[in-house]
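Chain by chain, the residues:
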Amino acid sequence: MLLFQCNAAEKEKQQCRVNDPMDALYIKSNLRLVVNLQDCVKAQQSYAYAQKVKISNLQKMAQTVLYVQEHGYDSYEKLYEAAESTDRKMATARSDAKLTEVKLKKVNEQIHHLGQYFSTKSVYSEFLKAPNKKIFRQTHFDEIAKYEEARQFLKRDFLDEKFPSMKDLRAEKELLMCTKDARYETYHYFKERNTEIQTVLANVDSILEMEKLQQREQRPRAKKRSYDMSL
C-alpha cells in the first residue's frame, strides 16, 4: 500500500515551506483561513510583548499557520472535516489490525491442535484395533486424551471434518503476519497524522479565541454615569 503519492498539491506544499516558522505570517496566501490566522497572530505580536506572553507561543502559532497553508485548508470547516476524517481512518485502521490479530491467534491455535492431532493419530488408531480397549486407554491415557481434544477442537473449526494440511495453515499464518504488520503500519501512520492535526485544530481554536479576547479587552469601556443625589 502506498501511503504517499506525488501530486500537484505536494509540489505546492514544498514551495510554501520556510526556514523560519515566523515567516509563515508573511506568506502570500489565497486561503481564507490562513489569511485570517495571519491577521490574528500579527495582531497578537505587539500584544504578546505587552502581556509578557512567551515568544515560543507566537512561534507555535506561526507553525500552525504554516501547516494550514501547506495542507491547503481554506476554511475552519475544511480543517475540522479533515481532522474528523483522519480520526475515522485511524479508528478503522486500528480495528482492521486488531481483527487480523484475532485471525492470527485462531490460526496459531489450529496449527497447535493439528500438530497434536497428527502426532497422536497413530496411537489412537491402535486403540481402535486393541482387543482390550480399557487396558489400552489406561496405558496410553495422555496420548488418547490429546488426540480426542485436538479432534474435537478441529471439528468445531472445520465442520466437514476435512482438516487442512499443516502447509496450508502455515502459509495462511505467513500471510496474516504480513497483513498484520502492514495494517499496524497504516494505523501508526494515521495515529501520527491524527495527533498532528488535532494539535493544529486546538491551536487554531486558541488563536481565534485569543483574538476575540483581545478585541474585547481593547474595546472602550462605557463611562459610569454619575448621579446628583443632592436635593
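Look up: the structure comes first, before these words.
Just so it is clear, the model here is predicted, and its values are computed rather than measured.

A separate point is the nonpolar core. Counting 19 residues, the largest nonpolar core has Leu114, Tyr117, Phe136 and Leu154 as the members making the most contacts within it. Sorting the residues of this core by element identifies α4 (76-129), α6 (141-157) and α7 (166-218) as the ones contributing at least two each. Element by element, the count of residues in this core is highest for α4, at eight residues. Contact partners of Leu154, with chain neighbours within four places excluded, come to Gln110, His113, Leu114, Tyr117 and Phe163. Counting residues in each nonpolar core, the second largest holds ten residues, with Leu79, Ala82, Ala83 and Val204 among its members.

This paragraph deals with the pattern of salt bridges. Per the stated rule, a full pass over the model turns up four salt bridges. Here Glu101 ties to Lys98 by a salt bridge, and the two come within 3.9 Å at their closest N and O atoms. Of this pair, Glu101 and Lys98 are both found in helix α4, three residues apart, which corresponds to roughly one turn of the helix. The closest approach of N and O atoms between Glu196 and Arg193, which form a salt bridge, is 3.4 Å. Of this pair, Glu196 and Arg193 both sit in helix α7, three residues apart, roughly one helical turn. According to the relative accessible area criterion, Glu196 is partly exposed, its value standing at 32%.

The rules behind these values
Residues numbered from 1 in each chain as written. Predicted model: local features only at pLDDT ≥ 70, side-chain atom pairs only at ≥ 80, totals over all residues. Heavy atoms only, no water. Core = buried A, V, L, I, M, F, W, Y, C linked by side-chain atoms within 4.5 Å. Buried < 20%, exposed > 50% of the residue type's maximum accessible area, 1.4 Å probe, protein only. Helix = DSSP H or I, 4+ residues; strand = E, 2+ residues; numbered from the N terminus. Contact = heavy atoms within 4.5 Å. Salt bridge = Lys/Arg side-chain N within 4 Å of Asp/Glu carboxyl O.

As far as function goes, none of this settles anything; it's purely spatial.
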